[in-house]
Amino acid sequence: MTNKEEFLLKAYELGIIKFGNFTLKSGIESPFYVDLRPLVSSPALLKELSDHLLQLLKDSHYQLICGVPYAALPISAAMSLESGVPLILKRKESKKYGTKKMLEGIFSEGQTCVLVEDVITSGKSLVETVEEVEKEGLRVKDVAVVLDREQGGTRLLTEKGYAVHTLFSMGEVIDILYKHDLLKEPEVIRIRSFLKEKPVVRIRSSRVTYEEKLKFQAHPASKKILEIALKKKSNLIASLDVNTSREILDLAERVGEHVVAVKLHTDIISDFSEEYVSRLKKISQDKNFLLFEDRKFGDIGNTQQLQFEKGIYKISDWADLITSHVIAGEESLKVFGDKVGVVTIAEMSSKGALTDEHYKEKAIELSQKASNVIGCVAQSELPSSLLLFTPGVNITSGGDSKGQQFNTPDKVITEYHTDFIIVGRGIYAAARPEEAAEKYRKEGWDAYLRNIKF
Ligand code: S5P
């Protein structure tokens with residue numbers, strides 16, 4: 001048995017590869033799942049892995065080592081300790097304050113840097129990382145990868161002129177595990193046919209289409225909003241932040257045909273009544289859009305439940321979607337039940353918002369666990385299992401005098417992969433709201449189409 005084979009068997013015992021049915025970040029169903037993070041629990045294996053990778057790079061020249069966050073960070077640190085080649089750290093996103101640095105550590109322009117990645121699939125995120133490192137003035141020629149899922153990534157990087165050194169391909173892993181009786185023949189056949197049928201997941205765009213998203217939605221509200229989006233060719237939500245029921249009903253009539261949902265702040269209406277609710281519901285049925293109450297709940301479960309079901313507004317009686325903060329924890333979201341689609345607030349659009357990276361990560365984690373959460377409000381990309389709702393959208397980018405920061409529809413759809421743009425003043429404060437809504441609908445949909453074409 002080779003050293004490499006021995007290493008794989010020991011790593012397999014740690015649980016780095018699992019077989020079964022898994023939904024990947026991209027929404028694709030995969031018969032296996034690879035996660036190298038358990039390796040950090042075995043210093044001996046981590047050291048062995050770093051030796052193997054350094055061996056792969058023995059003919060390459062490099063002055064720095066950089067791991068792609070997060071899984072490859074301990075691997076690259078071990079390689080640095082073993083080889084004496086200094087490490088640099090790449091941030092997932094540049095610091096918003098202070099130095100705004102993308103890379104941490106000491107380096108100078110023109111130095112050669114090898115990139116280390118745990119698993120390569122389509123290669124798209126790796127290409128992005130390489131380009132970001134190059135933007136900082138470093139030269140990248142070699143990329144070391146522990147496992148190649150054989151789904152187009154190596155080819156993409158090679159075509160771009162990088163030398164990819166992979167320790168294992170998925171085919172090799174299957175062979176080794178089969179040889180040692182750790183995989184049975186039917187499983188091997190299933191995996192091989194998966195690798196054959198889906199050789200390339202997506203190499204030029206990682207944007208998941210609405211059709212693809214629709215396939216893996218479990219909640220009726222997320223299914224409904226995606227179905228409406230496809231039917232109306234719209235990813236627009238109009239936020240009707242006006243104070244009277246007459247104005248809301250009038251706006252809903254005018255913009256209804258262009259939108260997937262109308263977002264409301266019911267507590268700013270001066271003349272709320274049950275009659276208003278039934279008229280609004282009727283318009284939403286006639287024009288086929290959802291009612292989205294932007295209540296931004298943020299209390300303990302018991303209070304949120306009372307606010308949702310009781311009082312004058314009885315939100316639970318009519319809202320298809322609601323927003324909620326996650327500040328009170330997982331249990332507090334359960335009180336909304338499974339009928340309404342909950343959209344959590346992971347990141348806010350206003351200047352100086354406290355929803356930093358750490359908060360956002362926690363909010364996403366919690367949202368992924370909650371069965372009634374269909375997506376998040378955020379200003380950056382989310383895992384594709386959650387729908388991304390982005391407010392602070394206006395064709396005239398800039399902001400207002402109260403902290404709001406605007407981005408254009410094209411920017412949020414292209415850069416954040418936003419699923420639904422939320423437009424308030426851009427529509428309701430326009431001279432002709434129906435024309436403005438049609439304009440935002442078209443801009444939003446065209447930007448989406450541009451992004452899925454490859
Ligand atoms: O972070 C956020 C979250 C929300 S839901 N930033 C926001 O602006 N919103 C809401 O989106 C806000 O309450 C308002 O109803 C709408 C934006 O309106 P606009 O007039 O600024 O487009």
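The rules we used
Residues numbered from 1 in each chain as written. Predicted model: local features only at pLDDT ≥ 70, side-chain atom pairs only at ≥ 80, totals over all residues. Heavy atoms only, no water. Helix = DSSP H or I, 4+ residues; strand = E, 2+ residues; numbered from the N terminus. Rg over C-alpha atoms; globule rule 2.2 N^0.38 Å. Buried < 20%, exposed > 50% of the residue type's maximum accessible area, 1.4 Å probe, protein only. Areas by Shrake-Rupley, 256 points an atom, 1.4 Å probe, with all protein chains shown as cover. Pairing = 2+ DSSP bridges. Contact = heavy atoms within 4.5 Å. Axes fitted to C-alpha atoms, helices over the stretch in contact; angles between N-to-C directions. Parallel < 35°, antiparallel > 145°, perpendicular 65-115°, else oblique. Nonpolar A, V, L, I, M, F, W, Y, C, P; charged D, E, K, R; others polar. Expected span 1.5 Å × (residues − 1). Domains from an automatic or database assignment. Salt bridge = Lys/Arg side-chain N within 4 Å of Asp/Glu carboxyl O.

Visitor: I tried to follow the overall build of the protein on my own but got confused; where do I start?
Guide: A count of helical and extended segments in the protein gives 18 helices and 18 strands. In terms of overall size, the protein behaves like a compact globule, its C-alpha atoms giving a radius of gyration of 25 Å where 454 residues would be expected to give roughly 22 Å. Along the first, second and third principal axes, the C-alpha atoms of the protein reach 75 × 50 × 40 Å. Looking at the protein as a whole, 52% of its 454 residues are labelled buried. With an accessible surface of roughly 21,100 Å², the protein has 51% of that area assigned to carbon and sulfur atoms.

Visitor: Looking at this structure, how should I read the pairing of strand 9 (residues 236-239)?
Guide: In summary, the side chains of a regular strand alternate between the two faces of the sheet. Here strand 9 shows no split at all, with Leu236 and Ala238 on one side and Ile237 and Ser239 on the other all buried. Strand direction decides the pairing type here: strand 9 and strand 10 (residues 261-264), joined by three bridges, are parallel. Bridge pairing in strand 10 links Ala238 to Val262.

Visitor: I tried to follow the sheet that holds strand 7 (residues 139-148) on my own but got confused; where do I start?
Guide: What holds strands together in a sheet is hydrogen bonding between their backbones, with the strands either parallel or antiparallel. With mixed pairing, the six strands of this open sheet are ordered in space as 5-4-3-6-7-8. Looking at the sheet topology across the chains shown, the edges are occupied by strand 5 (103-104) and strand 8 (163-169). Sheet strands in contact with helix 3 (residues 72-83) are strand 3 (64-67), strand 4 (87-90), strand 6 (112-120) and strand 7, and its direction is about 160° off that of strand 3. In this fold helix 4 (residues 124-135) packs onto strand 3, strand 4, strand 5, strand 6 and strand 7, with an angle of close to 160° to the strand it touches most, strand 6.

Visitor: It is not clear to me how the packing of helix 10 (residues 245-255) against helix 11 (residues 274-287) should be interpreted in this structure. Could you clarify?
Guide: Working note: a packed helix pair is described by the angle between its axes plus the distance between those axes. Two elements in contact, helix 10 and helix 11, have axes separated by 10 Å at closest approach and are oriented at 5°. It follows that helix 10 is roughly parallel to helix 11 by the angle criterion. Contact residues: helix 10 offers Ser245, Ile248, Leu249, Ala252 and Glu253, while helix 11 offers Tyr276, Arg279, Leu280, Ile283 and Lys287. For the contact of helix 10 with helix 11, the residue count by class is six nonpolar, one polar and three charged.

Visitor: Quick question: what am I supposed to make of helix 2 (residues 43-56) here?
Guide: In an α-helix, one turn spans 3.6 residues, which is why side chains three or four residues apart end up on the same side. With 14 residues, helix 2 ought to run about 20 Å at 1.5 Å a step, and its terminal C-alpha atoms sit 20 Å apart, in line with that. In this structure, the buried side of helix 2 is in contact with helix 1 (3-14), helix 3, strand 6, strand 7 and strand 8.

Visitor: Could you clarify how one ought to interpret the sheet that holds strand 12 (residues 321-324) in this entry?
Guide: The strand order around the closed barrel formed by eight strands is 9-10-11-12-13-14-15-18, and the pairing between neighbours is parallel. Shown here is a sheet whose adjacent strand axes are inclined to one another by a mean of 25°, direction ignored.

Visitor: Help me understand the domain arrangement of the protein, please; the structure alone is not making it clear to me.
Guide: Many authors give the size of an interface as the accessible area that is lost as the parts come together. Domains assigned within the protein are domain 1 (3-197) and domain 2 (210-452). Between the C-alpha centres of domain 1 and domain 2 there is a distance of 37 Å.

Visitor: What exactly am I supposed to notice about the pattern of salt bridges here?
Guide: Oppositely charged side chains are able to pair whenever their charged atoms sit close together. One pass over the full model with this rule turns up 30 salt bridges. For Asp35, the salt bridge goes to Arg37, with nearest N and O atoms at 3.0 Å. Residue classification places Arg37 among the partly exposed positions, given a relative accessible area of 45%. For Lys213, the salt bridge is made with Asp419, and the minimal N-O distance between the two is 3.0 Å. Taken together, the residues span a long stretch of sequence, with Lys213 in helix 8 (residues 210-215) and Asp419 in the loop between helix 16 (409-416) and strand 18 (420-423) at a distance of 206 residues. There is no split in this pair, since Lys213 and Asp419 are both buried. A network of salt bridges, in which partner residues are shared, links Lys47, Asp51 and Glu82.

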